[in-house]
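# Notes for the structure review
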Amino acid sequence: MTIFSRWFRRPPILAVETPKGPWGGSGDDTGAEGGGPRNPWALPPGGRKATAKPSALDEFLKKARGNGGGGGGGGGNFGGLPSGANARALWAIGAGIIVLVWILFTSFHQIGPQQRGVVTYFGRYAGTLDPGIRLTPPAPIASVEVVDVQNIRTDNFPVGDGENLTLTGDQNIIDLAYSVRWDIADPRNYVFQLAEPNNTVRAAAESAMRAVVATTTLEQAIGTGRTVIEQRVAELTQQILDDYKSGVRIQGVAIKQAAAPARIVEDFNAVTAAQQEAIANLNQSRSYAQQVVARAQGEAASFDKVYEQYRLAPEVTRRRMYYETMEAVLAKSDKTIVETPGGVVPYLPLQNGKRLTDPQAPRAAEPTPAPVPAQQGAAQ
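Since the structure is predicted, the reported quantities are computational estimates derived from the model, not experimental observations. (Residues numbered from 1 in each chain as written. Predicted model: local features only at pLDDT ≥ 70, side-chain atom pairs only at ≥ 80, totals over all residues. Heavy atoms only, no water.)

## Concerning unusual backbone geometry
Put simply, the rule is: Strands here are runs of E lasting at least two residues and helices are runs of H or I lasting at least four, both read from the DSSP assignment and numbered beginning at the N terminus.
The omega torsion across A139 and P140 is 5 degrees, close enough to zero to call that bond cis. Assignment of secondary structure puts P140 in the loop between strand 4 (132-135) and strand 5 (142-148). Following F157, the chain continues to P158 via a peptide bond in cis, the omega torsion being -10 degrees. Of note in this structure, F122 is not a glycine but carries a positive phi near 55 degrees. By secondary structure assignment, the location of F122 is in the loop between strand 2 (115-121) and strand 3 (124-129). Backbone geometry places K245, a non-glycine residue, at a positive phi of 55 degrees.

## Quick notes on the sheet that holds strand 2
The condition that has to hold: Two strands qualify as a pair provided that DSSP identifies no fewer than 2 bridges between them. Here an angle of 0 to 180 degrees is reported between the N-to-C directions of two axes, which are lines fitted to C-alpha atoms, with helices fitted over the stretch in contact.
Read across the sheet, 3 strands follow the order 3-2-5 without closing on themselves; strand pairing throughout is antiparallel. Each of the sheet's edge strands pairs with one partner strand only, and the pair in question is strand 3 and strand 5. Adjacent strand axes in the sheet meet at a mean angle of 25 degrees when their direction is disregarded. Two strands pair when backbone bridges link them, and strand 2 and strand 3 are joined in this way by 5 bridges, in the antiparallel orientation. When the sheet's bridge partners are listed, Y121 is paired in strand 3 with R124.

## Comments concerning the pattern of salt bridges
The following threshold applies: When a carboxyl oxygen of Asp or Glu is within 4 Å of a side-chain nitrogen of Lys or Arg, the pair counts as a salt bridge. Exposure is judged per residue with a 1.4 Å probe applied to protein chains only, and the accessible area is read against the type maximum: over 50% gives exposed, under 20% gives buried, and values in between give partly exposed.
Counted according to the given criterion, the structure contains 6 salt bridges. Here R320 and E324 are joined by a salt bridge, their closest N and O atoms 3.1 Å apart. Taken together, the residues R320 and E324, both in helix 9 (residues 314-330) and 4 residues apart, mark about one turn of the helix. Here R320 falls in the exposed class, since its relative accessible area comes to 57%. Since its relative accessible area comes to 41%, E324 is described here as partly exposed. Counted as one network, the salt bridges with shared partners bring together E315, R318 and R319.

## Examining the side chain of T317
The criterion, for reference: Throughout, a contact is declared for two residues whenever any of their heavy atoms are within 4.5 Å.
Checked against the element boundaries, T317 lands in helix 9. Not counting the four nearest positions on each side in its chain, T317 is found in contact with V306, Q309 and Y310.

## Overview of the packing of aromatic side chains
What counts, and what does not: Note on aromatic pairs: the rings of Phe, Tyr and Trp (six-membered ring only in Trp) are paired at centre separations within 6.5 Å, and the planes decide the class, stacked below 30 degrees, edge-to-face beyond 60, tilted for the rest. Definition used: whenever NZ (Lys) or CZ (Arg) falls within 6 Å of the ring centre and also within 35 degrees of the ring normal, the charge is taken to sit over that ring.
Counting across every chain of the model gives 3 aromatic pairs. Each ring, one from Y125 and one from F192, has its centre 6.0 Å from the other, and the planes form 85 degrees; the classification is edge-to-face. Of the two residues, Y125 sits in strand 3 while F192 sits in helix 4 (residues 187-193), which places them 67 residues apart along the sequence. Overall, the relative accessible area of 38% leaves F192 in the partly exposed class. On the basis of an interplanar angle of 55 degrees and a centroid distance of 5.9 Å, the ring pair of Y322 and Y323 is categorised as tilted. In this arrangement the basic side chain of R202 is found over the ring face of F157, its NZ or CZ atom lying 4.2 Å from the centre.

## Examining a nonpolar patch on the surface
Note the threshold: Think of a patch as exposed residues, more than 30% relative accessible area, with no salt bridge, where like charges cluster within 9 Å and nonpolar side chains (Val, Leu, Ile, Met, Phe, Trp, Tyr) cluster within 5 Å. Every accessible area reported is derived by Shrake-Rupley at a probe size of 1.4 Å, with residue values counting cover from the shown protein chains alone.
Residues I93, I97, L100, V101, L104, F105, F108, I133 and L135 make up a contiguous nonpolar surface patch of roughly 940 Å² in combined accessible area. Listing elements by their share of the nonpolar patch, those giving two or more residues are helix 3 (85-107) and strand 4. Take the nonpolar patch: its biggest share by element is 6 residues, from helix 3. If you trace the backbone, V101 turns up in helix 3.

## Focus: the packing of helix 5 (residues 197-213) against helix 7 (residues 226-243)
Short version of the rule: Roughly parallel means an angle under 35 degrees; roughly antiparallel, over 145; roughly perpendicular, 65 to 115; everything else is oblique. Less than a right angle of anticlockwise turn of the near helix away from the far helix marks a crossing as left-handed, whereas a clockwise turn marks it as right-handed. Only Asp, Glu, Lys and Arg are considered charged in this grouping, and only Ala, Val, Leu, Ile, Met, Phe, Trp, Tyr, Cys and Pro are considered nonpolar; every other residue, Gly among them, is considered polar.
The N-to-C vectors of helix 5 and helix 7 enclose an angle of 135 degrees; their axes lie 8 Å apart at closest approach. Taken together, the axes of helix 5 and helix 7 are oblique relative to one another. In this structure, helix 5 meets helix 7 at a crossing whose hand is right-handed. Of helix 7, the residues touching helix 5 (which contributes T200, V201, A204, A205, A208, M209, A211 and V212) are I229, R232, V233, L236, T237, I240 and L241. When its residues are assigned to classes, the contact of helix 5 with helix 7 shows 12 nonpolar, 2 polar and 1 charged.

## Observations regarding the packing of helix 8 (residues 265-312) against helix 9
One can describe the packing of helix 8 onto helix 9 by two numbers: an axis separation of 6 Å at closest approach and a directional angle of 130 degrees. By the criterion of interaxial angle, the relationship of helix 8 to helix 9 is oblique. Taking contact as the criterion, the partners of V306, Q309, Y310, R311 and L312 in helix 8 are, on helix 9, P314, T317, R318 and M321. Residues of the contact of helix 8 with helix 9, tallied by class, amount to 5 nonpolar, 2 polar and 2 charged.

## Some details on the confidence of the model for the protein
Filter applied, for reference: pLDDT gives the predictor's per-residue confidence on a scale running from 0 to 100.
For the protein, the mean per-residue pLDDT works out to 77, and 67% of the residues sit at or above 70. In this model residues 11-21 is a low-confidence stretch, pLDDT under 50, and it forms 14 contacts with partners more than four residues away in sequence or in other chains. Under a pLDDT of 50 for its full length, residues 67-76 has, in the predicted model, 6 contacts with residues more than four places off or in other chains.

Structural data, given as structure tokens:
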């Protein structure tokens, strides 16, 4: 019991008076002969227990709560704080505790699995901390900036519901909406090389998109060329950021919308319709030209065959060509052939010029033979 009482004994600096023994006071409080220490469990003379005098810590706490003296008490110190050697020792202990807490909080760093810590000594790069609990010199000697290297950040263009007008290579204006995904590849360069990382990535991505769209046509931008544009923009943006040594890695670019601006959508549709009509007319003219060329080539081949036959039998070929030509000419003309026996011309009604062979035309009446003169009959 004596050993434990020595260990937990109140420090001398916290007592108002210097202790005289292990059981408290001296002088009149001695209860044993020879001036030995008084039994702490024995009643003092008069039947009342001896009251211990307040320590300096008790007085300090009492005055801090406002329970001690008036404004001018405490020996004229600020706030009624105790003075003397005990007060200086108390302030030293408080300052030591604050320094210890400061060292603990600024020397130990917990780095998560997806994080890295960039360490600097007086502002100069000193290393990168891996995940775990790491120890560094206290601030302001060393400082640690924790960076999340696995978080995929996304920047949308444009911000909000506004327009993002971009000029294409064929002098057309389109409204582009796209997004850029990126993360941190090198924490050191990310912290030291870029003052405003988000603004730098946005500026590089927007510059790359406008540069790529300026070399493409409207049809490619709003049609099947989006995949090629996204790939080229990602590569160009990464090249720009690598030149800056930014420590940023581009994960991808996605085009969400590529259309005509809302103000000129009707005019844009009219231009598109006119272009489609022009393409249709061009295709039709090309088809007609191919037909004419094919017909001419066929006629030329037929002529070559006729010429070969003409070289073998000129007279027969000439007569055959004459018959075929007359047949083709007379087949298209309206004609009527009448055979008149004995040189007598019969009456032939033509029915308003319609052909007699026409099945729709009414059949003409049979011609009546002309009467024979009387004198001719008598002579016979």
